[in-house]
Amino acid sequence: MKTVVKKENAVKKVFKGVSLDSLAVGEKSQVAKMNYVSGNYASPHQHTHEQCGYVILGKYELTIGDERYELNPGDSYAIPGNQVHSFKVIEPGEVVDVFTPPREDYL
């Protein structure tokens, strides 16, 4: 568990070509800041984790099942666990994601 993580102590990772900062980690959830650049794309996939996100900067296309959404700063989303989804960067920026339970592959 990481109850408090100062900005300078965030764990920097690259996962499938995307730079991310692994932030606070609790027993049942985790916060990560995704640092997206042009060309980043998450092909359709699913995972057991529930995923909720908030767009800080940038523009994105999120597909959940058969529904497609354009995301802009200030928008948020929730993706149930085991739901097929994909994510495409239209304009680079930052997104904060919360995963329940924590993603071991992001730690």
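Everything quoted here is computed from the prediction, not taken from an experiment.

Draft legend 1. Spotlight on the overall build of the protein. Assigned secondary structure in the protein consists of zero helices and eight strands. What you see in the protein, going N to C, is helices and strands ordered as β-β-β-β-β-β-β-β. In terms of overall dimensions, the protein is globule-like: its C-alpha atoms have a radius of gyration of 13 Å, near the 13 Å expected for 107 residues. Projected onto the principal axes, the alpha-carbon positions of the protein cover approximately 35 × 25 × 25 Å. Looking at the protein residue by residue over its 107 residues, the buried ones come to 35%. A separation of at least 24 residues holds for 64% of the contacts in the protein among residues at least 6 apart in sequence. Counting every atom, the protein has about 6,300 Å² of accessible surface; 52% of that belongs to carbon and sulfur. With 12 positive and 14 negative side-chain charges, the protein shows a separation of 6 Å between the mean positions of the two kinds.

Draft legend 2. Quick look at the pattern of salt bridges. Tallying each qualifying case throughout the model produces six salt bridges. The shortest N-O distance in the salt bridge between Glu70 and Lys59 comes to 3.9 Å. Here Glu70, found in strand 6 (residues 67-71), pairs with Lys59, found in strand 5 (residues 50-64); they are eleven residues apart in sequence, far enough to count as distant. Exposure remark for Glu70: the relative accessible area of 48% places this residue in the partly exposed category. Bridged by salt links that share partners, the residues Lys12, Asp21, Lys33 and Glu94 form one connected network.

Conventions used here
Residues numbered from 1 in each chain as written. Predicted model: local features only at pLDDT ≥ 70, side-chain atom pairs only at ≥ 80, totals over all residues. Heavy atoms only, no water. Helix = DSSP H or I, 4+ residues; strand = E, 2+ residues; numbered from the N terminus. Rg over C-alpha atoms; globule rule 2.2 N^0.38 Å. Buried < 20%, exposed > 50% of the residue type's maximum accessible area, 1.4 Å probe, protein only. Contact = heavy atoms within 4.5 Å. Areas by Shrake-Rupley, 256 points an atom, 1.4 Å probe, with all protein chains shown as cover. Lys, Arg positive; Asp, Glu negative; His and termini not counted. Charge placed at Lys NZ, Arg CZ, Asp CG, Glu CD. Salt bridge = Lys/Arg side-chain N within 4 Å of Asp/Glu carboxyl O.

Bear in mind that shape data such as this cannot, by itself, settle questions of function.
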